[in-house]
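# Chain and residue survey
Single-letter residue listing:
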Amino acid sequence: MNDGAPLALQQVLDVVERLYPPSSAQSWDRVGLVTGDPEQPVHRIHLAVDPTLAVVEEARALGADLLLTHHPLLLRGVHSVATTSGKGATVTGLVVGDVALYVAHTNADVAAEGVCEALADACGLGHTDPLVVSEDQPLGRVGDLAEPLLLRDFVEDLAVHLPATAGGVRVAGPPEALVQRVAVLGGSGDDLFDAVRASGADVYVTADLRHHPALEAREEARGGTPYLVDAGHWASEWLWLGRADRALRAALGEDATRVETHISTVRTDPWTFLVGADQGGTP
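For the structure given in this document, a descriptive report is provided here.

### A word on the state of the cysteines
In this structure the tally under the stated criterion is 0 disulfides. No disulfide involves Cys 116; its sulfur sits 11 Å from that of Cys 123, the nearest cysteine. Look at Cys 116 and you get buried, because its relative accessible area is 0%.

See below:
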């Protein structure tokens, strides 16, 4: 509930950038303010993984002044924001709706209140260490479960915390195998198999595992560890939204009473249904 005069957008962004410093983003990334006026008032903040047309419409319907997303809208150069393209229509929707868009991407991946920590929590990990250091930033996490679990039990426990998607959670490994050391990376992670092996992880939880890298990783393992869990790109990063909401409100302190926060209910995972899946994993 709003209490008192609204905060200016810049006041909110100062807090966001203390939690997720833009300087900690990877060099190829595009983070920060995309649309909006630093002086505009902020009554409501909407959090989402992707700045899609549906999410922007949801934010506008809620009367949000700031949309905070994980994924960038304009990661690569564009030459037009006409409404004839999806990105153009999104930018127009934001501007016409007077909704500021702010992106915290790889800077949110590496943060203490970030994506990887949220995924590690969902996996049941306590203390974690960086999986790898990239551009002086801790990317991914690795830690140990309190006690070993069967791979199937571990994944079923994780699935309870993940939002439902058409594809569910894909697993490469014997269901009855015991796992305890877990490596995680929210979003695409099939370029870090060397680091996963070096970490001694029994299982690697990430997303977007492509055929060839995943098959080669299993071949290298000769049927053993690390086993692979593909939790889905959107699902593995959606976990961050609740953590970001709590962290933002805590960091705002007394000013938290001056803004409302909402977490998007739009499922931006692109897949809508599944046909012909072999749940038994026939060899």
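### Re the sheet that holds strand 10 (residues 178-188)
Strand order in the open sheet formed by 6 strands is 7-8-10-11-12-9, and the pairing between neighbours is mixed. Pairing within the sheet leaves two strands with one partner each, and these edge strands are strand 7 (128-134) and strand 9 (170-172). Strand-to-strand twist in this sheet, taken as the mean axis angle between neighbours without regard to direction, amounts to 25 degrees. Two strands pair when backbone bridges link them, and strand 7 and strand 8 (residues 137-150) are joined in this way by 6 bridges, in the antiparallel orientation. If you follow Val 132 over to strand 8, its bridge partner there is Leu 139.

### Section: the layout of surface pockets
By volume, the largest pocket is sized at about 1,500 Å³. As for the largest pocket, its lining consists of 45 residues, of which Gly 167, Val 169, Arg 170, Val 171 and Asp 230 are closest to the centre. The element contributing the most residues to the lining of the largest pocket is helix 6 (residues 151-161), with 5 residues. In terms of residue class, the lining of the largest pocket is built from 21 nonpolar, 14 polar and 10 charged. Roughly 520 Å³ of volume is contained in the second largest pocket. Trp 28, His 105, Thr 106, Ser 188 and His 233 are the residues nearest the centre of the second largest pocket, which is lined by 25 residues in total. It is strand 10 that contributes the most residues to the lining of the second largest pocket, 4 residues altogether.

### Notes on the packing of aromatic side chains
Tallied over the full model, the rule gives 3 aromatic pairs. Here the aromatic rings of Tyr 20 and Trp 240 are separated by 5.6 Å at their centres, their planes lie at 75 degrees, and the arrangement is edge-to-face. Of this pair, Tyr 20 sits in the loop between helix 1 (9-19) and strand 2 (32-35) while Trp 240 is found in helix 9 (residues 233-252), placing the two residues 220 residues apart along the sequence. Neither residue differs from the other here; Tyr 20 and Trp 240 are each classed as buried. With a centroid separation of 5.9 Å and an interplanar angle of 80 degrees, the aromatic rings of Phe 193 and Tyr 204 are classed as edge-to-face. Within this pair, whereas Phe 193 is found in helix 7 (residues 193-199), its partner Tyr 204 is found in strand 11 (residues 203-207), the two being separated by 11 residues in sequence. The two residues Phe 193 and Tyr 204 agree in class, both being buried.

### Focus: the packing of helix 2 (residues 53-62) against helix 3 (residues 86-96)
Where helix 2 meets helix 3, the closest approach of the two axes is 9 Å, and the angle between their N-to-C directions is 10 degrees. One element, helix 2, and the other, helix 3, form an angle in the roughly parallel class. Contact with helix 2, carried on its side by Leu 53, Val 56 and Arg 60, involves Gly 86, Ala 89, Thr 90, Gly 93, Leu 94 and Val 96 of helix 3 and no other residues of that element. Residues of the contact of helix 2 with helix 3, tallied by class, amount to 5 nonpolar, 3 polar and 1 charged.

### Quick word on the sheet that holds strand 6 (residues 100-103)
Judged by pairing direction, the sheet is mixed, and its 5 strands sit side by side in the order 2-6-5-4-13 without closing on themselves. In the strand order of this sheet, the two ends are held by strand 2 and strand 13 (260-263), each with one partner. Geometrically, the sheet is characterised by an average inter-axis angle of 25 degrees between neighbouring strands, direction not taken into account. Summarising the sheet, strand 2 and strand 6 pair through 3 bridges and their orientation is antiparallel. Bridge pairing in strand 6 links Gly 32 to Val 103.

### Some words on the packing of helix 1 against helix 9
One can describe the packing of helix 1 onto helix 9 by two numbers: an axis separation of 10 Å at closest approach and a directional angle of 120 degrees. Considering their axes alone, helix 1 and helix 9 lie oblique with respect to each other. As helix 1 runs across helix 9, the sense of the crossing is right-handed. Contacts between helix 1 and helix 9 involve Val 15, Val 16, Arg 18 and Leu 19 on the former and, on the latter, Ala 247, Leu 248, Ala 251 and Leu 252.

Calculation rules
Residues numbered from 1 in each chain as written. Predicted model: local features only at pLDDT ≥ 70, side-chain atom pairs only at ≥ 80, totals over all residues. Heavy atoms only, no water. Disulfide = S-S within 2.5 Å. Buried < 20%, exposed > 50% of the residue type's maximum accessible area, 1.4 Å probe, protein only. Pairing = 2+ DSSP bridges. Helix = DSSP H or I, 4+ residues; strand = E, 2+ residues; numbered from the N terminus. Axes fitted to C-alpha atoms, helices over the stretch in contact; angles between N-to-C directions. 1 Å grid on protein atoms, 1.4 Å probe; cavity = no way out; pocket = protein on both sides within 12 Å on 5 of 7 lines; lining within 4 Å. Points joined across faces, edges and corners; volume = space filled by probe spheres on them. Nonpolar A, V, L, I, M, F, W, Y, C, P; charged D, E, K, R; others polar. Phe/Tyr/Trp six-rings, centres within 6.5 Å; stacked < 30°, edge-to-face > 60°. Parallel < 35°, antiparallel > 145°, perpendicular 65-115°, else oblique. Contact = heavy atoms within 4.5 Å. Left-handed = near helix turned anticlockwise from the far one by under 90°.

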